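Breakdown of the fold
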Amino acid sequence: MTLAKLVAALVSAFLLVACSTHGFFISELQFIGSQAKATELSIPSIETRGTGDVFSLCKASVVQAPPIHISHIRQRPSEQEGEGESIVVSIQVFICRGDLLTNQLRKCDTEEDVEKICGSRVLLSELRGSEVEGHHNPQTPYWANAVLLRVTYNDKESAETPLVAVKISQQKIVSETSKMTSPLHTMLTPWNTATLSRPVIQHDSSWKLRWTGGKIGQVSGVALLDDEFVFVFHRGDRFWGAHTFGPNYEIQNKTAIDVDTILKCKTGSGRCVSAMGKDEFLLPHGISVTPDREYLLVTDVGRHQVIAKRIEDGKDVLTLGTFGIGLPGDEPDYFCQPADAEMDSETGLIFVADGYCNARVAVFNNDGSFNSSFRGCFGEEFFVVHDLAIDHKNRILFAADRENKRICVYSIDVKTFGNELDMIQSTSNIYAVDYNPGFLYTAEMQRERNEAFGTVTSIYGEFSSAEQFSDSSMRDPHDLSAKDNTMIFISDLKAHDKVFKFIRN
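Below is a short write-up of the structure. (Residues numbered from 1 in each chain as written. Predicted model: local features only at pLDDT ≥ 70, side-chain atom pairs only at ≥ 80, totals over all residues. Heavy atoms only, no water.)

**With respect to the overall build of the protein**
Scanning the protein from terminus to terminus reveals two helices and 38 strands. Relative to its full complement of 505 residues, the protein shows a buried share of 56%. The contacts of the protein with a sequence gap of at least 6 include a subset with a gap of at least 24, amounting to 61%. Summed over all atoms, the accessible surface of the protein reaches about 21,000 Å², with 48% contributed by carbon and sulfur. (Helix = DSSP H or I, 4+ residues; strand = E, 2+ residues; numbered from the N terminus. Buried < 20%, exposed > 50% of the residue type's maximum accessible area, 1.4 Å probe, protein only. Contact = heavy atoms within 4.5 Å. Areas by Shrake-Rupley, 256 points an atom, 1.4 Å probe, with all protein chains shown as cover.)

**Some points on the environment of Asp387**
The residue Asp387 is located in strand S28 (residues 385-391) in this model. Taking C-alpha positions, Asp387 is 9.3 Å from His478, a pair spaced 91 residues apart along the chain. Setting aside anything within four residues of it in sequence, one finds Asp387 in contact with Asp340, Ala353, Phe398, Ala399, Ala400, Tyr431, Ala432, Val433 and Asp479. Polar side-chain contacts of Asp387 include one of 2.9 Å to the backbone nitrogen of Val433. (Polar contact = N/O pair within 3.5 Å; in protein donor to acceptor, adjacent residues only side chain to side chain.)

**Quick word on the environment of His386**
Along the polypeptide, His386 turns up in strand S28. Taking C-alpha positions, His386 is 6.2 Å from Asp401, a pair spaced 15 residues apart along the chain. If near-sequence neighbours (up to four positions away) are discounted, His386 is found in contact with His285, Ala339, Asp340, Ala353, Tyr356, Ala400, Arg402, Tyr431 and His478. Among the polar contacts made by the side chain of His386, one reaches the main-chain carbonyl oxygen of Tyr431 at a distance of 2.7 Å. Reaching out from His386, the side chain makes a polar contact with the side chain of His478 at a distance of 3.3 Å.

**Some thoughts on the sheet that holds strand S38 (residues 499-504)**
Spatially, S13-S38-S37-S36 is the arrangement adopted by the four strands of the open sheet, whose pairing is antiparallel. At either end of the open sheet lies a strand with only one pairing partner, and these are strand S13 (201-203) and strand S36 (477-483). Mean inter-strand twist for the sheet, computed between neighbouring axes without regard to direction, equals 25°. (Pairing = 2+ DSSP bridges. Axes fitted to C-alpha atoms, helices over the stretch in contact; angles between N-to-C directions.)

**Focus: the packing of aromatic side chains**
In this structure the tally under the stated criterion is 12 aromatic pairs. For the pair Phe374 and Tyr410, a centre-to-centre distance of 4.6 Å together with 25° between the ring planes defines the contact as stacked. Highlighted residues: Phe374 in strand S25 (residues 370-374) and Tyr410 in strand S30 (residues 406-411), separated in sequence by 36 residues. Look at Tyr410 and you get buried, because its relative accessible area is 1%. What links up through ring pairs into an aromatic cluster is the set Phe351, Phe374, Tyr410 and Phe417. Sitting over the ring of Phe94, Arg121 keeps its end group 5.8 Å from the ring centre. The ring of Phe229 carries the charged tip of Lys264 above its face, separated from the ring centre by 4.5 Å. (Phe/Tyr/Trp six-rings, centres within 6.5 Å; stacked < 30°, edge-to-face > 60°. Lys NZ or Arg CZ within 6 Å of the ring centre and 35° of its normal.)

**Brief notes about the sheet that holds strand S31 (residues 420-425)**
Pairing is antiparallel in the open sheet, where four strands are placed in the order S28-S29-S30-S31. Each edge of the open sheet is held by one strand with a lone partner, namely S28 and S31. Within this sheet the neighbouring strands show an average axis-to-axis angle of 20°, counted without direction.

**Comments concerning the pattern of salt bridges**
Counted according to the given criterion, the structure contains 25 salt bridges. Across the pair Lys107 and Asp109 runs a salt bridge whose closest N-O atoms are separated by 2.0 Å. For Lys107, a relative accessible area of 26% translates into the label partly exposed. In this structure, Glu111 and Arg121 form a salt bridge, with 2.7 Å as the shortest nitrogen-oxygen distance. Placement of Glu111 in helix H2 (residues 111-115) and of Arg121 in strand S8 (residues 121-128) is noted, with a sequence separation of 10 residues between them. Residue Glu111 is classed as partly exposed on the basis of its relative accessible area of 42%. Where salt bridges share partners, they join Glu111, Glu115, Arg121 and Arg150 into one cluster. (Salt bridge = Lys/Arg side-chain N within 4 Å of Asp/Glu carboxyl O.)

**Some thoughts on the environment of Phe453**
Mapped onto the secondary structure, Phe453 falls in strand S34 (residues 451-458). Considered as a pair, Phe453 and Ser428 are 25 residues apart in the sequence and their alpha carbons are 9.8 Å apart. Setting aside residues up to four positions removed in sequence, Phe453 forms contacts with Ser428, Thr442, Ala443, Glu444, Gln446, Gln468, Phe469, Ser470 and Met474.

**Some remarks on the state of the cysteines**
The final tally for this structure, using the stated rule, is five disulfides. What pairs with Cys58 in a disulfide is Cys108, and their sulfur atoms sit 2.1 Å apart. Torsion about the S-S bond of the Cys58 and Cys108 cystine: about 95°, corresponding to right-handed handedness. Note that Cys58 is positioned in strand S4 (residues 54-62) and Cys108 in the loop between strand S7 (106-107) and H2, a separation of 50 residues in sequence. (Disulfide = S-S within 2.5 Å.)

**Some points on the nonpolar core**
Formed by 26 residues in total, the largest nonpolar core has its most connected members in Phe351, Val361, Phe374, Phe382, Leu388, Leu397 and Tyr410. Residue assignment for this core shows that the elements contributing at least two residues are strand S23 (350-354), strand S24 (360-364), S28, strand S29 (396-401) and S30. Ranked by residues supplied to this core, first place goes to S28 with three residues. What Phe374 contacts, discounting residues up to four positions off in sequence, is Phe351, Arg360, Val361, Val363, Phe382, Leu397, Tyr410, Phe417 and Gly418. Listed in part, the 19 residues of the second largest apolar core include Leu127, Leu149, Val151 and Ala159. (Core = buried A, V, L, I, M, F, W, Y, C linked by side-chain atoms within 4.5 Å.)

**Notes on the side chain of Lys501**
Counting through the fold element by element, Lys501 comes out in strand S38. With near-sequence residues (within four places) excluded, Lys501 lies in contact with Gln202, His203, Asp204, Trp207, Thr267, Gly268, Met487, Ile488 and Phe489.

**A closer look at the pairing of strand S32 (residues 429-436)**
The element S32 is largely enclosed, with a buried count of eight among its eight residues. Where S32 and strand S33 (residues 439-446) come together, seven bridges link them in antiparallel fashion. Its bridge partner being in S33, Asn429 is matched across the sheet by Met445. Taking the residues between adjacent antiparallel strands as the criterion, S32 and S33 are bridged by two residues, where Gly438 takes a positive phi near 90°.

Structure follows, in structure tokens:
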């Protein structure tokens with residue numbers, strides 16, 4: 001007898017004793033799916049004894065390298081099974097989002113029994129009766145701590161049931177963070193992990209903003225253009241206070257800011273070399289650079305608008321929203337204090353974080369026509385959608401829901417557009433988020449302890465904890481922009497320096 005057969009025989013004997021009172025016993029047990037790249041999870045053939053009972057068996061496997069793809073579910077008919085009504089009543093495949101409590105083959109007739117294996121779960125697929133095979137969309141990724149296979153049988157006669165298996169393909173991604181209570185799930189194209197070393201991030205105290213054209217006010221937004229320049233969006237003499245807005249979210253001071261509010265500054269020295277935006281804005285907020293680096297997307301919470309400006313000459317080429325009118329709801333022509341906007345490189349879609357008084361992510365085609373909207377994730381509505389980031393390569397959108405202290409993660413791939421992929425939960429208010437290949441950056445504020453800091457988390461790499469970085473003079477971080485995992489800029493509404501530059505070594 002080979003070692004494998006001896007192990008199978010011993011386990012079969014154990015399960016025979018444990019389950020004999022229920023009228024069936026295990027004839028074969030295969031330990032499949034325990035390695036780092038599992039390919040199949042199965043419940044083996046069993047012999048029924050014709051008791052007339054309906055019962056279920058469950059088998060789960062820990063996912064070593066999420067995300068996963070469920071691509072094929074099948075029954076492998078036994079030679080003894082008749083051609084009449086199938087002994088298998090149903091086959092269910094779940095993903096377990098919580099901890100896996102056991103990976104042993106278990107009887108699971110009731111929902112309470114399943115709860116004892118994995119409490120938090122989502123049903124992905126179900127086959128019933130004579131359906132011997134089923135396919136699940138292999139393009140759809142799922143974050144899971146484990147996969148659970150549940151098979152229900154009708155013990156109508158003495159027979160050997162078919163082996164039932166589910167095919168699982170996995171990518172080797174480690175993304176659990178120490179400060180976030182829910183791991184980040186994304187379908188990532190693998191990066192060279194040799195280049196994703198543990199970051200050492202330091203504040204460059206020698207870098208200071210310098211502009212000879214006037215006084216720099218509160219800096220609400222920063223956006224890196226390239227290695228040489230960073231855009232700074234400031235408010236001049238304006239502040240957002242308790243009386244800035246009146247009834248119906250109408251801004252009280254409707255006079256445009258009389259200085260240039262968009263500064264183009266050197267990443268090396270902090271010297272601002274050009275400026276634009278004079279007499280255009282009421283209360284600046286968010287800024288981003290389009291993927292082709294030809295346009296800026298800026299938001300004004302006083303105007304309740306999103307504006308696309310050509311970088312070369314500062315000309316407005318697209319305006320979304322209605323000037324001065326803030327309207328909650330899902331109207332395509334109105335925002336309510338929009339906080340940020342980002343453009344997708346592949347489709348040209350514009351995603352708007354709308355925002356303070358209209359908790360949604362609004363999606364527009366690049367001609368300005370309305371496309372769709374997201375209003376929350378995993379059953380919970382947004383509170384304040386404050387910032388957005390896009391992983392263009394892997395078709396992922398990150399939405400920072402500030403007061404809810406979370407990041408909602410969506411697919412923006414054409415085939416799975418809008419699918420909720422995961423929710424990253426923090427213990428701090430998340431003001432800003434940015435993505436660079438392999439890493440997610442955030443700017444956060446722990447108001448209970450009056451702590452301001454940034455974080456960087458490896459999404460695909462060799463370490464799993466979120467690294468914090470900060471400077472003692474940071475007071476109220478508001479926006480963040482990172483470039484090539486080497487430079488990080490954070491704007492601060494209350495700090496003396498207004499913008500902080502950090503270097504990752």
